[in-house]
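Fold and contact review
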Amino acid sequence: MALLSTLPSLACLLLLAMALRPSSGGGSHDYGEALSKSILFFEGQRSGQLPADQRLKWRGDSGLSDGAEAGFGFPMAFTATMLAWSVVEFGGIMPPEDLRHSLTALRWATDYLLKTIAHPTGCTSRIDSELGSILLQVGDPLKDHNCWERPEDMDTPRTVYSVTPDRPGSEVAGETAAALAAASMAFREADATYAERLLRGATTAFEFADSYKGAYSDDTGLKAGVCPFYCDFDGYQDELLWSAAWLRRASANVSFLSYIQNNGKTLGADDNINEFGWDNKHAGINVLISKEFLEGEVLWLQSYKQSADSFMCTLFTPGGLIYKPGGSNMQHVTSIAFLLLVYATTSPSPPAPSTAAASPSIPPPSAASPSNRCSSSDFFQRSWRWLLLPPSPQLPAEDPPPGSSLPAKADRPEQIGCKEGSPYFNSQGPNPNILVGAVVGGPGEDDAYGDDRPDFRKSEPTTYINAPLVGVLAYFAANPS
Ligand SMILES: *[C@@H]1O[C@H](CO)[C@@H](O)[C@H](O)[C@H]1NC(C)=O
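Since the structure is predicted, the reported quantities are computational estimates derived from the model, not experimental observations.

Here we take up the overall build of the protein. Broken down by element type, the protein carries 18 helices and two strands. Within the protein, the fraction of its 481 residues that count as buried is 58%. About 18500 Å² of surface is accessible on the protein, with carbon and sulfur atoms providing 54% of the total.

Spelled out as structure tokens, the structure:
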């Protein structure tokens, strides 16, 4: 009984066992190929000078003057956290080439995030001195969204927004800390020096987030930069808890556990919020801290496991794809799928090694008889069928700048200006460049997908849809059913 009480609840385990079995009757899927493509996608999103081994050849250099294009720092940091978490959990079972490409994609993001925190108060440029500001964003969101332009042609204002002690943004600072801490775990094996640097950066960003508490959307000046696209709707409290949990895992420093113990209640830990995405981290916090509980038996953390159990068991509609109102739905499908998998594959003690590559064998979700409460769901079957079977959408719309729907620079070198891109946006034709590996926002509540570019909630791929998907696909590629 003692052991059982530490496991994710039995009812849920078996729901997970069923749910995590990929679709039956739809033929077998090549998860290995899907994994490679889900990682390749990130090469289409690169800004800056592209390396010689760039594989998506239709992309060119962009944003060279500022190193960022449409750099929405908050969701981008979440992308980095999830890509890192994918590697931390499942890097050890990825084919070596996929692991290498995942780390390259992650580093593209973390190199940028390290630059965003290289703004100390004093005259030294060391990132471990006290921070004076964090670069939040480069670009003008309204003007960017008003243009259908290739990243290589970007000529909208490169406005720079930063959070400072006077105009705090604990959500972006906290998420940056979480991303850097998670990435330090992902890189520990491959590049210990870089991992150390990431961990120092994470600590610095966390101290800034916690010392200067506030939400960036509450500042009039910053609000113009981030809203309406990436407003902080849910407050900054969850990012403080989330980043402390990541720092605890990455550093094994007990002071972060104390932080969680002393501040959890104030930061909403008991509110049982069943959400997980770039804005709201609560379900992720519960799963991450449950791992700490399951692996370490720190008893007061059990409430997080209870919240995680309740999240797992309330996810499923009686017979379908999970659907959450708002923006792109597939972001919920991939991020929740990731949480399910991490939760189902976490074994209670002995403590798991904290480096990615040191955990080559991951137990399959254990099978048991169906529970009445959750088993009727074919959430995964429907999600996977939709995700992996042809025909794939032909008309994805990307968040600005929208490279793949415009001709490649090599095919049409001359500038395509802000409004000159509109015919491509409005065209019914397929994208001239294939954004391999992109997962669009997905079908609506009625399961219908119209493949209509302007319907951005359905047609838009995003990096934070793919980042958790990398981990999920790595698991399925290594454990085909
Ligand atoms: C643990 O973290 C705290 C807060 O960042 C720091 O002051 C302390 O030196 C750290 N302890 C160790 C052993 O690294």
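Each full turn of the α-helix corresponds to 3.6 residues, which orients residues three or four apart in the same direction. Of the positions making up helix α11 (residues 254–263), those classed as buried are Phe256, Leu257, Tyr259 and Ile260. Here the buried residues of α11 occupy an arc of 155 degrees about the axis, which is enough to place them on one side. In α11, those exposed residues whose orientation departs by more than 90 degrees from the buried face are Val254 and Asn262.

So, about unusual backbone geometry. In this structure, Pro228 follows Cys227 across a cis peptide bond, with omega equal to 5 degrees. Inspection of the secondary structure assignment puts Pro228 in the loop between α9 (220–226) and α10 (237–251). Phi is positive for Ala252, close to 60 degrees, though the residue is something other than glycine. Here Ala252 lies in the loop between α10 and α11. Residue classification places Ala252 among the exposed positions, given a relative accessible area of 58%.

So, on to helix α7 (residues 170–187). Taking 1.5 Å of rise per residue, the 18 residues of α7 would be expected to cover 26 Å, and the 25 Å separating its terminal C-alpha atoms lies within 8% of that figure. Burial analysis of α7 places 18 of its 18 residues in the buried class, which makes it a mostly covered element.

Among the five residues in strand β1 (residues 134–138), five count as buried, and that is most of the element. The sheet contact formed by β1 and strand β2 (residues 160–163) spans four bridges and is antiparallel. By the bridge assignment for β2, Gln137 is matched with Tyr161.

On average, residues of the protein score 80 in pLDDT, and 78% of them are at 70 or above. At the low end of the mean pLDDT range in the protein sits helix α1 (residues 2–6), at 33; at the high end sits α10, at 98. Within the model, pLDDT remains below 50 along residues 1–27, and this stretch shows 54 contacts once partners closer than five positions in the same chain are excluded. The low-confidence segment residues 351–391 (pLDDT under 50) makes 95 contacts with residues lying over four places distant or belonging to another chain.

Here Leu35 lies in helix α3 (residues 31–40). For the pair Leu35 and Phe476, spaced 441 residues apart in the sequence, the C-alpha separation amounts to 8.9 Å. Setting aside anything within four residues of it in sequence, one finds Leu35 in contact with Met94, Pro95, Asp98, Val470, Leu473, Ala474 and Ala477.

This paragraph deals with the packing of aromatic side chains. In the structure shown here, the tally under the stated rule is 21 aromatic pairs. Centroid distance Phe78 to Phe276: 5.5 Å. Interplanar angle 75 degrees. Geometry classified as edge-to-face. Here Phe276 lies in the loop between α11 and α12 (282–296) and Phe78 lies in helix α4 (residues 73–90), a separation of 198 residues in the sequence. With respect to class, Phe78 is no different from Phe276; both count as buried. Consider the rings of Phe187 and Tyr194, whose centres lie 5.0 Å apart with planes at 90 degrees: the pair is edge-to-face. For the pair formed by Phe187 and Tyr194, the shared burial category is buried. In textbook terms, an aromatic cluster arises when at least three aromatic residues are bridged by ring pairs, as seen for Tyr31, Phe78, Trp85, Phe90, Trp242, Trp246, Phe276, Phe338, Tyr475 and Phe476.

Cut-offs and rules
Residues numbered from 1 in each chain as written. Predicted model: local features only at pLDDT ≥ 70, side-chain atom pairs only at ≥ 80, totals over all residues. Heavy atoms only, no water. Helix = DSSP H or I, 4+ residues; strand = E, 2+ residues; numbered from the N terminus. Buried < 20%, exposed > 50% of the residue type's maximum accessible area, 1.4 Å probe, protein only. Areas by Shrake-Rupley, 256 points an atom, 1.4 Å probe, with all protein chains shown as cover. Arc of directions from axis to C-beta. Expected span 1.5 Å × (residues − 1). Pairing = 2+ DSSP bridges. pLDDT = per-residue confidence, 0-100. Contact = heavy atoms within 4.5 Å. Phe/Tyr/Trp six-rings, centres within 6.5 Å; stacked < 30°, edge-to-face > 60°.

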